[in-house]
Amino acid sequence: AERPRRARQPLRDGWQRMGRDVVAPLAYLQPRGIPRDLARDAGVRPLPANYWRDLLEDIGIKRAIEAGIYNVDGGYAHPSSSSMAFAYRHRTEEGVEFDTLRFREPRPGAPVLSVCSNASCIPSGIAPTMPRSPYLAPDAVPAAIEEGEPLYIVEGEIDTLSLWRCGRYAVGAPGAHSWRDEWCEGWRDVPHIIALGDGDGAGEDFADDVEASIGRVHGARWRDRHFIKGTVDGGDINDLLQGHGEEWLSNLLARLETQLDSQTKTVA
């Protein structure tokens, strides 16, 4: 099903308001189906050369271990200087501001660093923490409400961007077991919510956690009328995008949305 490309505009507007000049690390994202302009609009950026080495020298091993950027058992700083940073932003009463960064090393099998509380990459601000909003929530949530479109909840930044690629509004959690009740407190005007976990046990737990959270915050009746959940067979959302293409994935999402529309009409 052909879908208008309106989902990308909130990202572009929000990022330009912050006045940041960013460049996407295309060598990693483009083969995964994330276009240059989408990554740039979302604020994905590479880190400077020798960033992690310089950071380790600046803050010392003790603070680096506390921040989760140094593996005391393996004795190495990670990820490498080729890492890219995903900016988690939070909308305050004054507008959109930076909150946290999450780092990923662009090589197969590389771990994703835990979130650090410093979007400007200033070493003195490094600390282990959780973001105050899911990934891309300041763009996705108000846009879904205004457009009357579903809001998707997935694990991780690349799955989130994969859904934006298909013209959907999506937010991402920094890990399968990271969901928090307060993240969905302002969502009562979102028309529909679809939680999609990865195709493993952790993904099932993730979808269950989101379901329980929405029930606690908005009540079981609202949840039953506005929410569905599922997992991705054999992988994650980005695997489907890479393996089958944007049109195929968009058609799959359209079927989920039809299912949710039907559920909304039948639940009393």
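Residues numbered from 1 in each chain as written. Predicted model: local features only at pLDDT ≥ 70, side-chain atom pairs only at ≥ 80, totals over all residues. Heavy atoms only, no water.

Draft legend 1. Quick peek at the sheet that holds strand β5 (residues 95-104). An order of β1-β4-β5 is seen for the three strands of this open sheet, with the pairing classed as antiparallel. A single partner strand is all that each edge strand has here, and the edge strands are β1 (45-46) and β5. Relative to the sheet, helix α5 (residues 137-147) contacts β4 (84-92) and β5, its axis offset from that of β4 by approximately 50 degrees. Sitting on the sheet, helix α6 (residues 157-165) touches β4 and β5, and the angle it makes with β4 is about 75 degrees. (Pairing = 2+ DSSP bridges. Helix = DSSP H or I, 4+ residues; strand = E, 2+ residues; numbered from the N terminus. Contact = heavy atoms within 4.5 Å. Axes fitted to C-alpha atoms, helices over the stretch in contact; angles between N-to-C directions.)

Draft legend 2. Just the pairing of strand β7 (residues 169-173), in detail. Within β7, five of the five residues are buried, which leaves it mostly tucked inside the rest of the structure. Neither face of β7 is open: one carries Y169, V171 and A173, the other A170 and G172, and all of them are buried. Bridge count between strand β6 (residues 151-155) and β7: five bridges; the pairing is parallel. By the bridge assignment, L151 is partnered in β7 with Y169. Crossover connection from β6 via α6 to parallel β7: handedness right-handed. (Buried < 20%, exposed > 50% of the residue type's maximum accessible area, 1.4 Å probe, protein only. Right-handed = clockwise from strand over helix to strand, strands pointing away.)

Draft legend 3. Up close: the packing of aromatic side chains. Scanning the model with the defined rule gives six aromatic pairs in all. A centroid spacing of 6.0 Å and a plane angle of 80 degrees characterise the contact between F86 and Y135, whose relative ring orientation is edge-to-face. Within this pair, whereas F86 is found in strand β4, its partner Y135 is found in the loop between β5 and α5, the two being separated by 49 residues in sequence. The exposure class of F86 is buried, given its relative accessible area of 0%. Seen from their ring centres, W164 and Y169 are 5.6 Å apart, and the 80 degrees between their planes marks the pair as edge-to-face. (Phe/Tyr/Trp six-rings, centres within 6.5 Å; stacked < 30°, edge-to-face > 60°.)

Draft legend 4. Spatial organisation of the environment of E246. Along the polypeptide, E246 turns up in helix α10 (residues 246-266). With 79 residues separating them in the primary sequence, E246 and G167 have C-alpha atoms 9.7 Å apart. Engagement of the side chain of E246 in a polar contact is seen with the side chain of R165, the distance being 3.0 Å. (Polar contact = N/O pair within 3.5 Å; in protein donor to acceptor, adjacent residues only side chain to side chain.)

Draft legend 5. A look at the sheet that holds strand β9 (residues 227-231). If you trace the four strands from one edge of the open sheet to the other, you get β7-β6-β8-β9, paired in parallel fashion. Looking at the sheet topology across the chains shown, the edges are occupied by β7 and β9. On average, each strand axis in the sheet is inclined to that of its neighbour by 20 degrees, with strand direction left out of account.

Draft legend 6. Region of the structure containing a negative patch on the surface. Judged by side-chain charge, D200, E204, D205 and D209 come together as a negatively charged surface patch. Summarising the element assignment, D209 is placed in helix α7 (residues 201-218). (Patch = residues over 30% accessible without salt bridge, like charges linked within 9 Å, V, L, I, M, F, W, Y side chains within 5 Å. Areas by Shrake-Rupley, 256 points an atom, 1.4 Å probe, with all protein chains shown as cover. Salt bridge = Lys/Arg side-chain N within 4 Å of Asp/Glu carboxyl O. Lys, Arg positive; Asp, Glu negative; His and termini not counted. Charge placed at Lys NZ, Arg CZ, Asp CG, Glu CD.)

Draft legend 7. Structural view of the pattern of salt bridges. Scanning all chains against the criterion turns up nine salt bridges. Measuring nitrogen to oxygen at the nearest pair gives 2.9 Å for the salt bridge that ties R168 to E257. Within this pair, whereas R168 is found in the loop between α6 and β7, its partner E257 is found in helix α10, the two being separated by 89 residues in sequence. Accessibility expressed as a relative area gives 2% for R168, which makes it buried. When its relative accessible area of 9% is taken as the criterion, E257 is described as buried. Three or more residues joined by partner-sharing salt bridges are found here, namely D208, E211 and K229.

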